[in-house]
Amino acid sequence: MGTETKIMIPTPPEAMSAAVLVTTLKRFAGLARLAEHPESIARGLVPLIEAAFLHADDAPRRCLLSQAKADARFADLLVTEVFTDVARSLETGWNDDHLSFVDVTIASTRLQDAIRILSRPCPPARDIASLLMIVPQWEQHGLPAIFATEKLRRLGAPTRLLSGLSTPEIIRLAARIAPHAVLISTSSYRSAARLPELVRSLRKDIPQTFPIIVGGPAMVENRTLCAHSGADLATSDLNEALRFCDFPLREVTVPVSAAGV
């Protein structure tokens, strides 16, 4: 398909019945399968998927996951392009009082579950170079790190994710893993303010040396704080992070049976 195809949706996604939402999601999944550039329909998917995660009926969400599990290309589109915008939309809905705390909590949990189902969680073999993504124990937002970890894996960088652990536990596991580089996810001013303590511990208590990179949503408003954390680099650009630590990317293969061909 050489030209972008658009679907006009006369009814707002949040007002759709479960049956109509299921039909529309299937139509978009079919377009993504046929499109030369499936990312061109990503914007139209965002409100539909947000509505599916918020819907009281679980059928739209089951339909979405079924379509994605049958088509690795569609799953890649969701995980790398669409789900991040869905998360931003949920945050905007909360900030604008359009969504309640319960709405956002339920939808975010479902979003995280969808990432888990569609992810490539195979743990890196111990004899190959790998990255370590850390979500500190005090960090309240885990989705940014989950998105970043999954994108790194799909770029060909085997990545482990440590979340919710105390600093001594992080030190112990990081020393055993001996990563090529460590990335720390931070999402707020309060979280970024605690980075220097963690960075110092990583340098002092682990015998191996490796680049330490900090990033995440806090980079938007607290870039200077992140840059002064003692890390080697502060960035939310994963490609820049990979170039900085000179990480050897591995070829990523997609099973034919999962690609819908």
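Numbering of residues starts from 1 in every chain and runs along the sequence as written. Reporting in this predicted model follows two pLDDT cut-offs: at least 70 for local features of residues, and 80 or more for side-chain atom pairs to be given and counted; totals over whole chains, interfaces and linings ignore these cut-offs and use all residues. In computing side-chain values, all of the structure's heavy atoms are included and hydrogens and water are not.

1. Points about the packing of helix H4 (residues 72-95) against helix H6 (residues 143-155)
Consideration 1: Angles run from 0 to 180 degrees between N-to-C directions of axes, and those axes are lines fitted to C-alpha atoms, restricted for helices to the stretch in contact. Counting from the N terminus, the helices are the DSSP runs of H or I reaching at least four residues and the strands are the DSSP runs of E reaching at least two. Closest axis-to-axis distance for the H4/H6 pair is 11 Å, and the angle between their directions is 160°. One way to sum up the angle between H4 and H6 is to call them roughly antiparallel. As for how H4 packs across H6, the hand of that crossing is left-handed. Taken together, the residues of H6 that come into contact with H4 (itself represented by Ala75, Asp76, Val79, Thr80, Phe83, Thr84 and Ala87) are Leu143, Phe147, Glu150 and Arg154.
Consideration 2: Here the term charged refers only to Asp, Glu, Lys and Arg, the term nonpolar to Ala, Val, Leu, Ile, Met, Phe, Trp, Tyr, Cys and Pro, and the term polar to all other amino acids, Gly among them. Partitioned by chemical class, the residues of the contact of H4 with H6 number six nonpolar, two polar and three charged. For classification purposes, an angle smaller than 35 degrees is called roughly parallel, one larger than 145 roughly antiparallel, one from 65 to 115 roughly perpendicular, and anything else oblique. Crossing handedness is defined as follows: a turn of the near helix away from the far one that is anticlockwise and smaller than a right angle gives a left-handed crossing, while the clockwise case is right-handed. Only heavy atoms enter the contact rule, under which two residues are in contact if any of them lie within 4.5 Å.

2. Examining the confidence of the model for the protein chain
Consideration 1: Per-residue confidence from the prediction method is given by pLDDT, with values spanning 0 to 100. Per-residue confidence for the protein chain gives a mean pLDDT of 85, with 88% of residues at or over 70.
Consideration 2: Within the protein chain, H4 has the poorest average pLDDT of any element, 87, and strand E4 (residues 212-215) the best, 96.
Consideration 3: Taken as a whole, residues 1-8 scores under 50 in pLDDT and shows eleven contacts with residues more than four places along the chain or in a different chain.
Consideration 4: The model gives residues 254-261 a pLDDT under 50, and that stretch makes 13 contacts with residues more than four places away or in other chains.

3. A closer look at the pattern of salt bridges
Consideration 1: By salt bridge we mean one thing: a side-chain nitrogen of Lys or Arg within 4 Å of a carboxyl oxygen of Asp or Glu. All chains considered together, the criterion is met by ten salt bridges.
Consideration 2: A salt bridge links Arg88 to Asp85, with the shortest nitrogen-to-oxygen separation between them at 2.6 Å. Taken together, the residues span about one helical turn, with Arg88 and Asp85 both in helix H4 at a distance of three residues.
Consideration 3: The partner of Arg154 in a salt bridge is Glu150, and the shortest N-O contact between them spans 2.7 Å. On the criterion of helical spacing, the pair formed by Arg154 and Glu150 is a turn pair, its members being four residues apart in helix H6. Here Arg154 matches Glu150 in class, with each residue buried.
Consideration 4: Put simply, Asp58, Arg61, Arg62, Asp113 and Arg116 are held in one network by salt bridges that share partners. The cut-offs for exposure are 20% and 50% of the maximum accessible area for each residue type, with area from a 1.4 Å probe on protein chains only; residues under the lower value are buried, those over the upper are exposed, and the others partly exposed.

4. What about the packing of aromatic side chains?
Consideration 1: In this analysis, rings of Phe, Tyr and Trp, with Trp reduced to its six-membered ring, are considered paired at centre separations within 6.5 Å, and the interplanar angle assigns stacked below 30 degrees, edge-to-face beyond 60, and tilted for intermediate values. Applying the stated criterion across every chain, the model contains two aromatic pairs.
Consideration 2: With 6.0 Å between their ring centres and 50° between their planes, Phe53 and Phe83 make a pair best called tilted. Taken together, the residues Phe53 in helix H2 (residues 42-54) and Phe83 in helix H4 connect sequence positions 30 residues apart.
Consideration 3: Owing to a relative accessible area of 0%, Phe83 belongs among the buried residues under this scheme.
Consideration 4: When the centroid spacing of 6.1 Å and the interplanar angle of 65° are considered together, the rings of Trp94 and Phe101 count as edge-to-face.
Consideration 5: By relative accessible area, which is 56% here, Phe101 ends up exposed.

5. Focus: the side chain of Ser229
Consideration 1: Among the structural elements, Ser229 can be located in the loop between helix H11 (223-227) and strand E5 (233-234).
Consideration 2: Judged by its relative accessible area of 3%, Ser229 is buried.
Consideration 3: Separated by 3.4 Å, the side chain of Ser229 and the backbone nitrogen of Ala231 make a polar contact.
Consideration 4: Contacts of Ser229, omitting those with residues within four sequence positions, involve Leu195, Pro196, Val199 and Val214. What qualifies as a polar contact is a pair of N or O atoms within 3.5 Å, subject to a donor-acceptor requirement within protein and to the restriction that residues adjacent in sequence count only when both atoms come from side chains.

6. Here we look at the layout of surface pockets
Consideration 1: The distinction between a cavity and a pocket rests on a 1 Å grid over the protein atoms alone: a 1.4 Å probe fits inside a cavity but cannot get out, while a pocket stays open yet meets protein on both sides within 12 Å along at least five of seven lines, and a residue with an atom within 4 Å of a point counts as lining. Grid points are joined across faces, edges and corners, and a volume is the space filled by probe spheres set on the points. Space inside the largest pocket adds up to approximately 1,600 Å³.
Consideration 2: Take the lining of the largest pocket: its biggest share by element is eleven residues, from H4.
Consideration 3: Considering only residue class, the lining of the largest pocket consists of 21 nonpolar, 18 polar and ten charged.

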